[in-house]
Amino acid sequence: MTFGYQTWGHRTLTAALKSGHDVVLAVTHPTSSHPYEQMFSDSVEDLAQAHGVPVHVAQRADDALIDAVHRAKPDVILANNWRTWLPKSVFDLPTHGTLNVHDSLLPEYAGFSPVLWALLNRESRVGVTVHRMDETLDGGPIVAQQSIPVGPTATTTELVAATTELIEPLVLSTLSALADGTLTDHHQDPARATYFHKRSDRESRIDFTASAADIELLVRAQSDPYPNAHFRFRGERLRVLRAHVSRGRFGGTPGRVTVECEGGIAVVCGSDAPNRPAPAIVLDRLRLDDGREVPATEYFGTRAGYVDEI
């Protein structure tokens, strides 16, 4: 039996179907019009129906869902991107418990947006963990884990796509080990655990007192289709699609839009002392409020000035 949503849940159900075991029920969330829900939006419901698997659609673990799980009598539940709380009466029901698939290398990056936060923190690797679900968020014993390296120019979008490719083989090997009795639990070290919250518009705003390298990293982390890194100039919200760190150094006040540089427009960034020259962030490509994408040189032309204060 699976609980899941979007591409993550779809990949998990795909693995369960390929495993040769009977999938007695697929539980998923209803389709949403929220822009986030359109990202990586492979349908668990459509996949289940195509394979004759019963489907239960619910927003949360209400009485009807709990009853459906009890009637299905699963030997194990696989969960991935189930977005709301599951009670103990559900995750402890199967003979072999509930295995949750989480897109981080637990015990680090429990919680939300783990790949994005890991990129921002310059982690050298990201990955996927399968762990036993208990009452601690993403805190149960680890049974399987796989990682991939983070390249020097990686974006969140690229890393999310790469980590989703790990799901099917990892779930298949986990089910095989569970079936032959070789699955081993490794308890998480609470001293190593880290938890991250959901990102919001606040986390996407560019602070030009930060270094150019940090801002360039934020732009890569907030890559399409995620909400882009942004700032305001003369009242207009500008989303930064592509930027790079200048080869030369610029002194002055952080947030000052200056001159054309290396194919883009240089904006002064923070340095280790007031006014001291440091690399600038060179804005290459922008998205405007009306949705148009333009080169930064086209938008700014000869206009200079300061970014708007928040």
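Residues numbered from 1 in each chain as written. Predicted model: local features only at pLDDT ≥ 70, side-chain atom pairs only at ≥ 80, totals over all residues. Heavy atoms only, no water.

For the protein, an unreviewed UniProt entry supplies the name Putative formyltransferase and the organism Gordonia polyisoprenivorans. In its Sequence similarities (unreviewed entry) section, the UniProt entry covering the protein states "Belongs to the Fmt family." (UniProt positions renumbered as here; feature names shortened; annotations may be inferred.)

A. Helix α1 (residues 6-18), seen in detail. In this model, α1 (13 residues) spans 18 Å end to end at C-alpha, consistent with the 18 Å of a helix rising 1.5 Å per residue. Of all 13 residues making up α1, eleven are buried, and the element is well covered by its neighbours. When we look at burial in α1, the residues that qualify are Gln6, Thr7, Trp8, Gly9, His10, Arg11, Thr12, Leu13, Thr14, Ala15 and Ala16. Buried-residue contacts for α1 involve β1 (2-4), β2 (26-28), α2 (44-50), β4 (77-80), β5 (98-102) and α6 (156-180). Looking one or two residues past α1, glycine 20 carries a phi angle of roughly 90 degrees, positive in sign. (Helix = DSSP H or I, 4+ residues; strand = E, 2+ residues; numbered from the N terminus. Expected span 1.5 Å × (residues − 1). Buried < 20%, exposed > 50% of the residue type's maximum accessible area, 1.4 Å probe, protein only. Contact = heavy atoms within 4.5 Å.)

B. Up close: the environment of glycine 248. In this fold, glycine 248 is placed in strand β11 (residues 236-250). Setting aside anything within four residues of it in sequence, one finds glycine 248 in contact with Glu262, Ala278, Pro279 and Ala280.

C. Quick look at the layout of surface pockets. The volume enclosed by the largest pocket comes to roughly 1,300 Å³. If you list the elements that add at least two residues to the lining of the largest pocket, you get α4 (88-91), β5, α5 (114-120), α6 and α7 (201-204). Here the lining of the largest pocket is built from residues that sort into 20 nonpolar, 14 polar and ten charged. Both domains that furnish three or more residues to the lining of the largest pocket are identified here as domain 1 (2-196) and domain 2 (202-306). If you trace the second largest pocket, you find 17 residues lining it, with His21, Asp22, Asp75, Val76 and Leu175 closest to the centre. (1 Å grid on protein atoms, 1.4 Å probe; cavity = no way out; pocket = protein on both sides within 12 Å on 5 of 7 lines; lining within 4 Å. Points joined across faces, edges and corners; volume = space filled by probe spheres on them. Nonpolar A, V, L, I, M, F, W, Y, C, P; charged D, E, K, R; others polar. Domains from an automatic or database assignment.)

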